[in-house]
Structure formats: C-alpha cells, structure tokens
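# Structural description and commentary
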Amino acid sequence: MASITLKGQPIQTIGELPTAGSLAPNFTLTKADLSDTNLADYAGKKLVLNIFPSIDTGVCAASVRRFNEIASKVKDVQVLCISADLPFAQQRFCGAEGLDQVINLSSFRHSAFGESYGLIITTGPLQGLLSRAVVIVDSNGKICYTQQVPEIVQEPDYDAALDALKRC
C-alpha cells in the first residue's frame, strides 16, 4: 500500500500503482451518459489518466483544467479524468468551465479500477475515494509513467507528466 498524506496526516491506499513498463490493467468505468467504457475503447491512443478524489475540490478541479489545456496542445492524446464522483457532478463542472478536451469517467459503480490500480484510500476521512495520481499509457497499452502524488492536497507534477507523454 502507498503511504500518502492529507494535510500532513498519514493515510494509506489499498495498494501501489502499476509499474512503468507493465501493461495497463484493464478497467471498466462509467461515462457521463451512464454507459460503461473500458481500456479497450481507447486502444491505439496515448492516454493520460488523471485520477483524483473529487471534482468538487480546488486541487482536483485545477488538475482537470490543466490537463484539459495540455490535451488541447498535445497531438494524439486522450485525457481521462477519473474519480468516484457521480457522472452528473463531473459533467456539471466541465460544462460550467467549458472543458471539452477531457473525458470524465466515474468509478462509482466499478471499484475494481481503484483496486487494480492500487488507488482506493483505505484510512482517514477520504476513505473509499481514489487517491491523486497520474498514469500515462502509450498507444500499445503499456504504462510509461506514474505519479502517486504524496500529499493529496498537492497538484500533480504536470511538467514531468508532459515530458513523459512526449517520450511515450
């Protein structure tokens, strides 16, 4: 399990992120229209998995905005913003913000995503939500970069993610 912090207080996740070089674990998540999607639906595309606890927090919202900006500038990449939020909340936020370069996906019906990616928070006040992480998957389905953000109220390292995306 990963040891991370929430405002300096230790919390833990159910496991560890998959390692760079391994195949991305398959997943099923729920889209805005309440249909399901899985990793195979994005075959042949570079993916950024922007994973976070809730769209209704400032840091999570900032990461969606920033990855939307990155997606608009980087060719041949699809950004998937993943949280346990209901699809209605995700869609409301992105609609109000005019964010149309990302796809929001929810784990609210599919805990297997958080389990296989090692991201379900198991202790503390955010227990049951996903931790903040970035996973970049190349067009062959291989993971080429991961970041488990060590302090949940920090934003991801966008520069490192962008550099990895360019090398992927």
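Residues numbered from 1 in each chain as written. Predicted model: local features only at pLDDT ≥ 70, side-chain atom pairs only at ≥ 80, totals over all residues. Heavy atoms only, no water.

## Details of the overall build of the protein
Looking only at helices and strands, the protein features four helices and nine strands. Ordered by position in the sequence, the α and β elements of the protein form the string β-β-β-β-β-α-β-α-β-α-β-β-α. The C-alpha atoms of the protein give 14 Å as radius of gyration, which agrees with the globular expectation for 168 residues (15 Å, within 12%). In terms of principal-axis extent, the alpha carbons of the protein reach across some 40 × 35 × 30 Å. Across the 168 residues of the protein, 51% fall into the buried class. Taking the intrachain contacts of the protein between residues at least 6 apart in sequence as the baseline, contacts between residues at least 24 apart amount to 65%. Only carbon and sulfur atoms are counted for the fraction: they give 50% of the accessible area of the protein, which is about 7,600 Å². (Helix = DSSP H or I, 4+ residues; strand = E, 2+ residues; numbered from the N terminus. Rg over C-alpha atoms; globule rule 2.2 N^0.38 Å. Buried < 20%, exposed > 50% of the residue type's maximum accessible area, 1.4 Å probe, protein only. Contact = heavy atoms within 4.5 Å. Areas by Shrake-Rupley, 256 points an atom, 1.4 Å probe, with all protein chains shown as cover.)

## Some words on the state of the cysteines
In this structure the tally under the stated criterion is one disulfide. Between the sulfur atoms of Cys144 and its disulfide mate Cys168 the distance is 1.9 Å. Residues Cys144 and Cys168 are joined through a disulfide that is left-handed, its torsion about the S-S bond being -100 degrees. With Cys144 in strand β9 (residues 143-148) and Cys168 in the segment after α4 (158-167), this pair connects stretches of sequence that are 24 residues apart. (Disulfide = S-S within 2.5 Å.)

## Brief notes about unusual backbone geometry
Even without being a glycine, Lys7 presents a positive backbone phi close to 50 degrees. By the secondary structure assignment, Lys7 is in the loop between β1 (3-6) and β2 (9-12). According to the relative accessible area criterion, Lys7 is exposed, its value standing at 67%. Of note, the phi angle at Asp76 is positive, near 60 degrees, even though the residue is not glycine. The topology assignment puts Asp76 in the loop between α1 (58-73) and β6 (77-83).

## Focus: the packing of aromatic side chains
One pass over the structure, following the stated rule, counts four aromatic pairs. Look at Phe67 and Tyr158: their rings are 5.3 Å apart centre to centre, the planes differ by 65 degrees, and that puts the pair in the edge-to-face class. Here Tyr158 lies in helix α4 and Phe67 lies in helix α1, a separation of 91 residues in the sequence. Note on accessibility: Phe67 and Tyr158 belong to one class, buried. Following the ring pairs from residue to residue traces out a cluster consisting of Phe27, Phe113 and Tyr117. (Phe/Tyr/Trp six-rings, centres within 6.5 Å; stacked < 30°, edge-to-face > 60°.)

## Details of the pattern of salt bridges
A full pass over the atoms with the stated rule returns two salt bridges. Arg109 is the partner of Asp36 in a salt bridge, and the nearest nitrogen-oxygen pair spans 3.1 Å. Placement of Asp36 in strand β4 (residues 36-38) and of Arg109 in the loop between β7 (102-106) and α3 (111-116) is noted, with a sequence separation of 73 residues between them. A relative accessible area of 41% means that Asp36 is categorised as partly exposed. Judged by relative accessible area, which is 42%, Arg109 ranks as partly exposed. With its nearest N and O atoms 3.4 Å apart, the salt bridge here joins Glu69 to Lys73. Separated by four residues within a single helix, Glu69 and Lys73 lie in helix α1, roughly one turn from each other. Overall, the relative accessible area of 36% leaves Glu69 in the partly exposed class. (Salt bridge = Lys/Arg side-chain N within 4 Å of Asp/Glu carboxyl O.)

Shape is all these values report; function is a separate question.
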